[in-house]
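Coordinate inspection notes
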Amino acid sequence: MSVLEVSDLAKRFGSLEALRGVSFAVEEGEVFGIAGPNGAGKSVLFACIAGFYRPSSGSIRLDGEEIVGLGPHQICHRGLVRTFQTPALFHSLSIRENVLIGARFGGAKEDRVEDILRFLDLERVAERRAVNLDLFTTKRVVLAAALATGCRVLLLDEPMAGFSFGEVERYLDLVAEIRRTCGVTILIIEHLLDVLIGVSDRMMILHHGQVLFSGPPDEVRRHQGVVDVYLGGGTGG
Amino acid sequence: MDVSRSRWAMPVALMTIVLVAAACRAPGGGEEGGATGEEEGDIVVASAMPLTGPYASDGEEMLQALEMAIDEYNAEGGLLGRKLTLVTCDVGALEVDTIQACAERLLGENPDAVITGYDDSGVNTLAFGEGDMPYLHAVTMRAAIEPVMDDPEKYGNVFQYDPSDYDYGTNAAAVLPDVAERLGFEPANRTVAVITTDYAYNAVGADAFIETIKQQGYDLALKEVIPFGVQEFGPILSKIEEAEPAFVTFWDLDPSDAARFMQQWTRQFGDTGIRSLVYMQYTPNIPEFLELAGESASGLLWATVIGVSDKIGRDKTDYIRRWTERYGHEPFSIHPFVVRDAFDIWAQAVQEVGCVECYDKVVEAIRATDYLGFAGRYRFTPPEEGQYAMPGDDLLPTIWSQVQDAQNVVVLPDVAAEGTLQMPPWVPQVPQE
Amino acid sequence: MDAFLNSLASGLIVGSLYAIMAMGLTILYGVSHVFNFAHGHVAVVAAYLVWFAAVRLGLALPVGVAAALLVMVVLALATYWGAIRGLLRRSEWGFGTLLFTLGLAILAEYALLELFGPRVKSVPAVLPGSVRLWFGRLALNDLFLITASVVLMVLVGAFLKRTLTGQAMRAVAQSLPGAQVVGIDIDRIYGATFIFAFVMTGLSGVLLGTKTYMTPHIGWEWMIKGFVIVAFGGLGSVPGAIVAAFLLGVVEALVTLYLGAIWIWPAWLVTFIVALWLRPQGILGGRST
Amino acid sequence: MRGAGRRLMPLLRPRNLVLASVGALLVAWPYLGADRFVLHVAALTFVWAVVASYWNLTNGFAGITSLGNMGFFAIGAYTSAVLAKELDLTPWATMPVGALATMALVTVLVGLPVLRLRGIYIALLTLAFADALPSVITIFRAWTGGGIGLLGIPELLEDLEKWQAYYFALAFFAVAQAALVLVVRGAPGLAFVALRDSEPFAQALGVDRFKEGLRVFAISAFFTGFAGALYAHLLGQISPAMLGIEQFLMVISMWMLGGAGTLLGPVLGAAIITFGNEYLRVAGSLRLGLLGLAIVITVLFFPGGIMQLVGRARGFLTRPRRGGSDPDTVDGAALPVGSGSETGEGR
């Protein structure tokens, strides 16, 4: 059974159709990459799955159970956490407390906090306030807080935007490590096709709110529609 | 989270210390409550009064009356040759805890007497009764004299220098049928309407009225408990119109409420007519009432258990002259007169016994008072009966006035009457069937 | 039936009082998101000024009103440029303005107490006399109040729709960043809004002064009543406030007729909870804040 | 790393030492010759400090703009007083009942509807709630005494002395403050800091605004109700006047002037305002003017309240972990308060 199953999802804002008939399924333990040009509806999709938007129609099943209509915190309690493209940490708290929020309210045990801090190499800075951190540390804190909830499905929204090349490498290593040791299913939105192809087990391309392509990463480049969109849209892949 | 645990430990420790300390023994702190000052310093008169909030206009005159009294006594060499000083405290909107705080504060000054106009809605006796010095107040409430009845030992120093709210009710029930008879007023039925706030001063009087008038065979057609500040009496007037009770009684201390009621009453019934007499407790005595209600109040009857009439009590002209000289206008209300009466009663008692700090003797002397003041003759009931100034036509008469041509005219009792009762303009001349 | 009609008339009168109380408050909130705790006191200050001019100085009523409104303009400018403008630039602006207006209200009460004393005052009725209808008499002044509240509503509506300043105010109300983008001078618009709201509020105080009389203390009552009505109708919505005011006025009259006056506040509260449950933005409040 | 040394160290921080000596001073005060009046006002101060602190919990910490806390206070006071009087129970039993009743009533009647709303609407509904109470008290006048008030409420002890009242109030204050520290440093406090800093992220991590809000509401109602009950039994009489505008302004000024969103602010505010108010009663109406002036000046020049002044003088009295050089707080004294930032969409 798929961990996450989205079928015929639609989201309209007034007359604007952000998502139309989106269907896909994610299997347990895989890394599922999502790409698409700006305005393709990637973030809206995440917002719908994580309960921030209520879909106009369609269904979203987590472990076979319908989660449409639940609030973000309820969906988190069921084991699905999303992160945001522009991360806003809890700036008046320390890094440890940022992670603690996830552990305490996400429903996991709090003794995970130290392990997670160590795992993401945040131990040394744990007492620092989460303000004016460099981007890579920020992203690691976000990951740590998300993992602290004990989630089984993690939605990462363009986590590597703004990274240097080296940082991208290190981040991808982390993702792989998380997947290996924690057995977390990961959905990842990424602008850069290359990066996504490297890390994903399967991929999906969204365009104008619709699924353009869905399948193994190595087939993406051969798909005519994707080529058209990415070349025609002027966005290098 | 060991950090939070350590923060938790501190208050717990503190609390333990507190409880242990509390359990240990009585500290010597505030033991003295009564008189300690044997020294021949100033005589301290304390007073609590509402200087801010909704009752501030009364409080202002009470303060002026006391200041004038003290200045006048001091100009004459003080009392027993000692100078008088005044300490005051603002009781604001008469909340319970402000009165208690005021009492604590004023008692802390070791006053030789507490003299107020009114300072409270019924807990003053308990608060000021803590001390031994004589305390004279005109709160005009049953709640203020009940503690004295219950514990004359402890509260024997508390005097209410006028009758109480309860007496308004019994008096109105006794006098209204008499007024009807004198006027030749023929009611449509033998019912009464009561419109009252829930404020003790009003509610106790209203309840006493209902109780007493029922014994005379009247039925209660309507009882409306209203909040202060009602803007539109339309719905209530409609109910009155249907019931057409013989007496409509209105118990609301706020002069603007009362003024609105009369304006709307006269508008509603001025030309269609209604066979009802309208009575109010005290409120038209507040000068703003007539200013606001004006002509529309004509025909209204009202009473005050302590009042000022030219024909009763001692001559007021000189006092009014001195007041006007000092403050630039004549007294607005009765407070300048009655507060001064209370002050004089106390001062006379002190002079009689020849000492100030001998509180028991001064209290005894006040109990024996038979003093003719501006408002009438003051004589107090025994402590077991609450120690308040007795009502009575030859003592403190309940003064009935009627508004005639937008003026207050004293109509009862006969000894004080300045004019005669007139049929209210809204009562139809020829009884209709 | 007459009793019912009579009560209904009372309800409309009270409703118009409430509508007048609420108007300035809702406009100010709608445009600037400043919740004016001194609203009631601004109204009382104007009422006292008119009393002073008309009764103490013996000037004609319109002259007094004009003078009072002029003072309102000055007060509005002083409040906005002297304090609110600075407060709005802080991250804590909502809390800061709330607290500031609260302090201002207390100061105003103190000033009135010192200047005019604690005694009850009233503004002379604009239209003395009364008119006879089939179910009873209505005071002309009350009819005037009902008319005035409706006329004011229409005028406010026209001002917001037709004039350039009004349009800019609406633009700011709908979206502050949007308004800034199209080049609206926010300071100017806020200043104008404060003037507009203070003048409206002052006018309301004068109208209220003819009916409910005033003491330095009464501003709180006016503020709280206005507060509830504005919320009920939807913050920032002028028609909403008017509808809510008349609705509550009529509810109040009927509750008084059938249950007793003491049930007014509980009835308000229940109506309020139900209304908010059904429409969390208030009756006609379009914007969710 | 969790040895005794590390646990003892924070206890010896200067901040805690100052607090401890202030505490000791408070305990010793009646022995140091404080008179009746001072003890009376001090006891009231403790009660008001608790009310102000928990008002600050909902508004200053949790960003729930409640204006109805005096209503909670009155419910606690009346419930306990009526039970003790009518059923002839000891106040020690009725006070917790009063507090629990307040918690239940407020959570169901106010919390559930209110927490579905936002910002200023919460303020309005809670205010309407508190303003409806005097009518309710009047309607049930058979028990409550109506506008006359309830007199002769059983006191905590027979012939309660002022110094006893003082210690009871102090003990209650200490417990309430300890509980407040737990709440603020504990889960609800953390949740609200998180919601304020970044609401979407907090929600994504499983923070439930409604549940936490309800919890804070319940806790606040419990202690405010308890304070009301204690107040009733300390004074022996209560009346609906406690719901009047003056009392409301006083208590709200306590935490606003003291410093919203700080732990010590409301306590200092309560002390200054209660004592100032009582000592200024001799000054008549000037009291009002001074209060108004104090508020206006504070807002304009010291938006962090008294705590900002204290914080400026000594950093350690403020909240060292969450204060510091936070760009969003003023001199590290005040935490943001929900009212404005929440309702304002466009700033």
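The structure displayed is predicted, hence computed values, not measured ones.

Brief notes about the overall build of chain B
- On a plain count of helices and strands, chain B comes out with 13 helices and 14 strands.
- Going through the 433 residues of chain B one by one, you find that 65% of them count as buried.
- For chain B, the exposed area adds up to about 14,800 Å²; of that, 48% sits on carbon and sulfur atoms.

Observations regarding the nonpolar core
- Among the nonpolar cores identified, the biggest contains 419 residues, and B:Phe261, B:Trp265 and B:Trp346 are the most heavily contacted of them.
- Ranked by residue count, the leading element in this core is helix H3 (residues 36-61) of chain D, at 18 residues.
- In this structure, this core is formed jointly by two domains, domain 1 (4-164 + 312-385) and domain 2 (167-304 + 398-412) of chain B, each of which donates at least three residues.
- Residues contacting B:Trp265, with those up to four places away along its chain left out, are B:Leu237, B:Ile240, B:Val248, B:Gly270, B:Ile274, B:Ser276, B:Val278 and B:Trp426.
- By size, the runner-up hydrophobic cluster in this structure holds 30 residues, among which are A:Val3, A:Leu4, A:Leu19 and A:Ala40.

Thoughts on helix H1 (residues 2-32) of chain C
All names here are of chain C.
- The end-to-end C-alpha distance of H1, which contains 31 residues, comes to 45 Å, matching closely the 45 Å that a straight helix rising 1.5 Å per residue would cover.
- Residue Ala 22 marks the point of greatest curvature in H1, where the axis turns by about 35°.
- Buried residues dominate H1, accounting for 27 of its 31 residues.
- Downstream of H1 by a residue or two, His 33 has a phi angle that is positive, lying close to 60°.

Things to note about the environment of A:Thr86
Residues and elements named next belong to chain A.
- With respect to the helices and strands, the residue Thr 86 is situated in the loop between strand E6 (80-82) and helix H3 (95-106).
- Its relative accessible area of 68% is what places Thr 86 among the exposed residues.
- In the structure, Thr 86 is positioned 26 residues away from Arg 112 in sequence and 26 Å away in space, judged by C-alpha atoms.

Brief notes about the interface of chain C and chain B
- Listed by partner, the interface residues are 30 residues for chain C and 36 residues for chain B.
- In total, chain C and chain B occlude about 2,600 Å² of area from one another, counting both sides; carbon and sulfur atoms represent 57% of this.
- When residues of chain C are sorted by the area they lose upon contact with chain B, C:Arg119, C:Val120 and C:Tyr213 head the list and together hold 26% of the total.
- In this assembly, chain C and chain B are joined by 2 salt bridges.

Quick word on the domain arrangement of chain B
Residue and element names in this part refer to chain B.
- Taken as a whole, chain B is organised into domain 1 (4-164 + 312-385) and domain 2 (167-304 + 398-412).
- In this complex, domain 1 contributes 16 residues to the contact, which on the side of domain 2 involves 12 residues.
- In total, about 1,000 Å² of surface goes out of reach between domain 1 and domain 2, with carbon and sulfur atoms giving 61% of it.
- Counting across the domain 1 and domain 2 interface gives 0 salt bridges.
- Counting every contact that joins domain 1 to domain 2 gives 1 residue pair in polar contact (both at pLDDT 80 or more).

Comments concerning the sheet that holds strand E13 (residues 399-404) of chain B
Residue and element names in this part refer to chain B.
- Sheet architecture is open: 7 strands sit in the order E7-E6-E8-E9-E10-E13-E14, paired in mixed fashion. The strands lining the two open edges of the sheet, one partner per strand, are strand E7 (219-226) and strand E14 (407-412). Pairs of neighbouring strands in the sheet enclose a mean axial angle of 25°, with direction left out of account.
- As judged from the 7 bridges shared by strand E6 (residues 191-197) and E7, these two strands associate in the parallel manner. Bridged to Val 194 within E7 is Lys 223.
- On top of the sheet, helix H9 (residues 255-269) reaches E6, strand E8 (247-251) and strand E9 (277-281); it is set at about 175° to E9, its chief contact.

With respect to the arrangement of the chains
- The structure contains 5 pairs of chains in contact, of which chains C and D account for the largest number of contacts.
- One finds no contact between chain A and chain C; the C-alpha atoms of the two approach each other to within 15 Å at their closest.

Section: a nonpolar patch on the surface
- Nonpolar side chains collect at one region of the surface, where D:Leu286, D:Leu290, D:Leu293, D:Ile297 and D:Phe301 lie side by side and expose about 430 Å² of accessible area between them.
- Residue position: D:Leu286 is located in helix H14 (residues 286-301).

As for unusual backbone geometry
- Across the junction of B:Leu412 and B:Pro413, the peptide omega takes the value -10°, indicating a cis bond.
- Here B:Pro413 lies in the segment after E14.
- Of note, the phi angle at D:Asp88 is positive, near 60°, even though the residue is not glycine.
- As for its position among the elements, D:Asp88 is in the loop between helix H4 (69-86) and helix H5 (91-114).
- With relative accessibility at 68%, the residue D:Asp88 sits in the exposed group.

A word on the state of the cysteines
All names here are of chain B.
- Under the definition given, this model contains 2 disulfides over all chains.
- Each sulfur in the disulfide pair Cys 89 and Cys 102 lies 2.0 Å from the other. Disulfide Cys 89 to Cys 102: torsion about the S-S bond roughly -80°, handedness left-handed. Note that Cys 89 is positioned in strand E2 (residues 84-90) and Cys 102 in helix H3 (residues 96-107), a separation of 13 residues in sequence.
- By relative accessible area, which is 0% here, Cys 89 ends up buried.
- Each sulfur of the disulfide joining Cys 355 and Cys 358 lies 1.7 Å from the other.

A word on helix H6 (residues 165-183) of chain B
Residues and elements named next belong to chain B.
- Helix length check: H6 (19 residues) gives 26 Å between terminal C-alpha atoms against 27 Å at 1.5 Å per residue, within 8%.
- Ala 172 marks the point of greatest bend in H6, at about 25°.
- Looking one or two places after H6, you find Gly 184, whose phi comes out positive at around 70°.

Some details on the interface of chain D and chain C
- Contact with chain D, which involves 51 residues of that partner, is made by 54 residues of chain C.
- When the two sides are added together, the surface that chain D and chain C hide from each other amounts to roughly 4,700 Å², 76% of it contributed by carbon and sulfur.
- Here chain D is connected to chain C by 0 salt bridges.
- Our count for the chain D to chain C interface comes out at 1 residue pair in polar contact (both at pLDDT 80 or more).
- When contributions to the side of chain D that touches chain C are tallied by element, the ones reaching two or more residues are H5, helix H6 (119-139), helix H12 (245-259), H14 and helix H16 (338-343) of chain D.
- For the side of chain D that touches chain C, the leading source of residues is H6(D), giving 14 residues.
- When grouped by side-chain class, the residues that make up the side of chain D that touches chain C number 33 nonpolar, 11 polar and 7 charged.

Each value, and the rule that gives it
Residues numbered from 1 in each chain as written. Chains lettered and ligands numbered in written order. Predicted model: local features only at pLDDT ≥ 70, side-chain atom pairs only at ≥ 80, totals over all residues. Heavy atoms only, no water. Helix = DSSP H or I, 4+ residues; strand = E, 2+ residues; numbered from the N terminus. Buried < 20%, exposed > 50% of the residue type's maximum accessible area, 1.4 Å probe, protein only. Areas by Shrake-Rupley, 256 points an atom, 1.4 Å probe, with all protein chains shown as cover. Core = buried A, V, L, I, M, F, W, Y, C linked by side-chain atoms within 4.5 Å. Domains from an automatic or database assignment. Contact = heavy atoms within 4.5 Å. Expected span 1.5 Å × (residues − 1). Bend = angle between axes of the 7 residues up to and from the residue. Buried area = accessible area lost by both parts, 1.4 Å probe. Salt bridge = Lys/Arg side-chain N within 4 Å of Asp/Glu carboxyl O. Polar contact = N/O pair within 3.5 Å; in protein donor to acceptor, adjacent residues only side chain to side chain. Pairing = 2+ DSSP bridges. Axes fitted to C-alpha atoms, helices over the stretch in contact; angles between N-to-C directions. Patch = residues over 30% accessible without salt bridge, like charges linked within 9 Å, V, L, I, M, F, W, Y side chains within 5 Å. Disulfide = S-S within 2.5 Å. Nonpolar A, V, L, I, M, F, W, Y, C, P; charged D, E, K, R; others polar.

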